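Each chain is listed here by its residues.
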Amino acid sequence: MAGKTETAAPDPVAAHPRAGQARLLLIALALAGLLVAPMFLYPIFLMKLLAFALFASAFNLLLGYTGLLSFGHAAFFGGAAYFTAHAVKVWGWPPEAGILLGVAGAAGLGLVIGAIAIRRQGIYFAMITLALSQMFFFFCLQAPFTHGEDGIQSVPRGHLFGLIDLNRPMNMYYFVLAVFVIGLLIIRRFVNSPFGMILKSIRENEQRAISLGYSVQHYKLGAFVMSAALAGLAGGVKALIFQFATLTDVAWQMSGEVILMTLLGGIGTLFGPIVGAGLVVSLQNFLATSDFPVTIITGLVFMVCVLLFRRGLVGEFFATKLGRKLGFRSES
C-alpha cells in the first residue's frame, strides 16, 4: 500500500559519530581536571563547589525536567546536613551511614512536603513549598538536637568504611568527587529512563499525559522525592566538608541560591547547574574579602545572564552551531 512513511528525526550524535566522541572527550577532560584540581586550588573551595553543584543538579531534576519550581529545597539540603551531623557526632555513626541517614531523612521530608504541594500548580505550588520549608526552618530553630542558632559544630569526619581517614583533605576531596559523580550518573540514568521521559511529557503538556492514562500526581511525587533525596545527599556531604550544620542551610535564602545557580547555568541541561554553581560559589569565594557586597555582584551577573543568555550559559552554548555539532541538546 503506497503512502508516506514517517521517519524520526535523526539523532545528531548517531548521525555524526565524531560528535559523540567529542562529547566523551570533553567529559574525560573535565574529570581529569577535577582529579588534578586540588594540586592547584584550595580543596575546601573545590569540595564546596562540588557539593553545591550536586545540590543544583538535584533541584534541576525537578525544575528542568518536570517543570515544578520549588522554593523549599533548603529544607532537604539543610535537613540532611542536620541529620548527618547529629548521627556522626552524637551517635558515633561512620560517615557513610550518616550520609545515608541524611538522604533517607531528606527523602522522607520530600515525601511529606511533595504530597501536599503537588495538589497545586504554578505559583501556588511554589508558595506551598516555601511555606512548608519555613515551617521546617522554625522546627530546626526550636528542636534541641539542632542546638538552635549555634548549630551542630565540630562534626567529626571519621573513617570511610573504617579504612580511609577523611580528616586528610585529599582523601575527603576524592570522596566528595566520587559522591558527586555518582549523583550525576543517577540523575542522568533517571532522566533518560522511561520514567524520565514521562516527566518530560508532563512538563510539556500535562493534560495530554493525563489523557494517555498516566497518573501525573504519582510521577510528580516520585520526581519530587528523588530530587529531595539527591539534595539531601549534597547536604549530608556538605556537613562533613565544613564539619558543622547551621540554620543557614535551611533558610529560604539557600533555596533562592540554588534557583539562581540553576537559572544561570541553564535549566533542563545536565551540565548547566554545575556551571551555575561554579559561578556563584566562585564569586562568593573570591569576593568574600572584598568590601563590595557579594550579593550585588551576583545580582548584576544574574541580570546580565537573563538579558543576554535566556537559556542560561550552557543552554545558549548548546544552541550554538558548535554545540549542535558536538551533539549537545537542551535535555542531555
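Since we're looking at a predicted model, the values are computed, not measured.

## Some thoughts on the overall build of the chain
Part 1 of the argument: Looking only at helices and strands, the chain has 15 helices and two strands in total.
Part 2 of the argument: Relative to a compact globule of 332 residues, whose C-alpha radius of gyration would be 20 Å, the chain shows 20 Å and is just as compact.
Part 3 of the argument: Dimensions along the principal axes, computed over C-alpha positions, put the chain at roughly 75 × 45 × 45 Å.
Part 4 of the argument: For the chain, long-range pairs separated by at least 24 residues make up 74% of all intrachain contacts whose partners lie at least 6 apart in sequence.
Part 5 of the argument: Accessible surface computed for the chain: about 16500 Å², of which carbon and sulfur atoms make up 68%.
Part 6 of the argument: For the chain, the separation between the mean place of its 22 positive charges and that of its 13 negative charges on side chains is 11 Å.

## Some points on helix 5 (residues 95-117)
Part 1 of the argument: Here helix 5 is 23 residues long and its end C-alpha atoms lie 32 Å apart, about the 33 Å a rise of 1.5 Å per residue gives.
Part 2 of the argument: When we look at burial in helix 5, the residues that qualify are P95, G98, I99, G102, V103, A106, A107, L109, G110, I113, G114 and A117.
Part 3 of the argument: Considering only its buried residues, helix 5 is in contact with helix 4 (74-89), helix 6 (122-142), strand 1 (159-160), helix 7 (169-191) and helix 10 (216-242).

## A closer look at the pattern of salt bridges
Part 1 of the argument: Scanning the entire structure with this criterion turns up three salt bridges.
Part 2 of the argument: Between E204 and R203 there is a salt bridge; the shortest N-O distance is 2.8 Å.
Part 3 of the argument: Across the pair K238 and D249 runs a salt bridge whose closest N-O atoms are separated by 2.8 Å. Taken together, the residues K238 in helix 10 and D249 in the loop between helix 10 and helix 11 (252-265) connect sequence positions eleven residues apart.

## Considerations on the nonpolar core
Part 1 of the argument: Within the largest apolar cluster, 91 residues are counted, with the highest numbers of intra-cluster contacts made by F52, F55, F76, M172 and F180.
Part 2 of the argument: Broken down by element, the residue count for this core peaks at 17 residues, all from helix 3 (residues 43-66).
Part 3 of the argument: Excluding anything up to four places from it in sequence, M172 contacts M47, R157, L166, V237, L240 and I241.

## Re the UniProt feature "transmembrane region" (unreviewed entry) in the chain
Part 1 of the argument: In this numbering, the UniProt entry assigns the feature "transmembrane region" (unreviewed entry) to residues 22-42, 49-77, 97-116, 123-145, 172-191, 221-246, 258-280 and 292-309.
Part 2 of the argument: Each end of residues 123-145 is marked by a C-alpha atom, and these two atoms are 33 Å apart; helix forms 87% of the span and strand 0%.
Part 3 of the argument: Helix makes up 85% of residues 221-246 and strand 0%. Its end C-alpha atoms lie 28 Å apart.

## Looking at the side chain of D249
Part 1 of the argument: Its relative accessible area of 2% is what places D249 among the buried residues.
Part 2 of the argument: The contacts of D249, once residues within four sequence positions are left out, are A74, F77, G78, A81, K238 and M254.

## Considerations on the side chain of K238
Part 1 of the argument: Overall, the relative accessible area of 5% leaves K238 in the buried class.
Part 2 of the argument: Aside from chain neighbours lying at most four places away, what touches K238 is A51, F77, Q243, F244 and D249.

## Examining the environment of I274
Part 1 of the argument: Tracing the backbone through its elements, the reader meets I274 in helix 12 (residues 272-286).
Part 2 of the argument: Along the chain, I274 and A229 lie 45 residues apart, while their C-alpha atoms are 18 Å from each other.
Part 3 of the argument: With residues near it in sequence (within four places) discarded, I274 still touches A53, S57, F180 and L184.

## Brief notes about the layout of surface pockets
The method is simple in principle: a probe with the dimensions of a water molecule rolls over the atoms, and the space it marks as empty is what remains.
Part 1 of the argument: Looking at the second largest pocket, its volume works out to about 290 Å³.
Part 2 of the argument: Forming the walls of the second largest pocket are 14 residues, and the residues nearest its centre are I99, L100, V103, V179 and L233.
Part 3 of the argument: Of all the secondary-structure elements, those providing two or more residues to the lining of the second largest pocket are helix 5, helix 7 and helix 10.
Part 4 of the argument: Taken together, the residues that form the lining of the second largest pocket break down as 13 nonpolar, no polar and one charged.

## Observations regarding the environment of H147
Part 1 of the argument: With respect to the helices, strands and loops of the structure, H147 is situated in the loop between helix 6 and strand 1.
Part 2 of the argument: Sequence spacing of H147 and A75 is 72 residues, and the spatial spacing of their C-alpha atoms is 17 Å.

## With respect to the packing of aromatic side chains
Part 1 of the argument: For the coordinates displayed, the defined rule picks out 14 aromatic pairs.
Part 2 of the argument: Ring centres of F52 and F77 lie 5.4 Å apart, and the angle between their planes is 40°; on these two criteria the pair is classed as tilted. Here the residue F52 occupies a position in helix 3, and F77 occupies one in helix 4, the gap between them amounting to 25 residues.
Part 3 of the argument: Owing to a relative accessible area of 5%, F52 belongs among the buried residues under this scheme.
Part 4 of the argument: For F77, a relative accessible area of 0% gives the class buried.
Part 5 of the argument: For the pair W91 and W93, a centre-to-centre distance of 5.4 Å together with 45° between the ring planes defines the contact as tilted.

## Some remarks on a nonpolar patch on the surface
Part 1 of the argument: Residues L35, V36, M39, F40, L41, M170 and Y174 make up a contiguous nonpolar surface patch of roughly 680 Å² in combined accessible area.
Part 2 of the argument: Counting only elements with at least two residues in the nonpolar patch, the list comes to helix 2 (17-36) and helix 7.
Part 3 of the argument: Inspection of the secondary structure assignment puts V36 in helix 2.

Calculation notes
Residues numbered from 1 in each chain as written. Predicted model: local features only at pLDDT ≥ 70, side-chain atom pairs only at ≥ 80, totals over all residues. Heavy atoms only, no water. Helix = DSSP H or I, 4+ residues; strand = E, 2+ residues; numbered from the N terminus. Rg over C-alpha atoms; globule rule 2.2 N^0.38 Å. Contact = heavy atoms within 4.5 Å. Areas by Shrake-Rupley, 256 points an atom, 1.4 Å probe, with all protein chains shown as cover. Lys, Arg positive; Asp, Glu negative; His and termini not counted. Charge placed at Lys NZ, Arg CZ, Asp CG, Glu CD. Expected span 1.5 Å × (residues − 1). Buried < 20%, exposed > 50% of the residue type's maximum accessible area, 1.4 Å probe, protein only. Salt bridge = Lys/Arg side-chain N within 4 Å of Asp/Glu carboxyl O. Core = buried A, V, L, I, M, F, W, Y, C linked by side-chain atoms within 4.5 Å. UniProt positions renumbered as here; feature names shortened; annotations may be inferred. 1 Å grid on protein atoms, 1.4 Å probe; cavity = no way out; pocket = protein on both sides within 12 Å on 5 of 7 lines; lining within 4 Å. Points joined across faces, edges and corners; volume = space filled by probe spheres on them. Nonpolar A, V, L, I, M, F, W, Y, C, P; charged D, E, K, R; others polar. Phe/Tyr/Trp six-rings, centres within 6.5 Å; stacked < 30°, edge-to-face > 60°. Patch = residues over 30% accessible without salt bridge, like charges linked within 9 Å, V, L, I, M, F, W, Y side chains within 5 Å.

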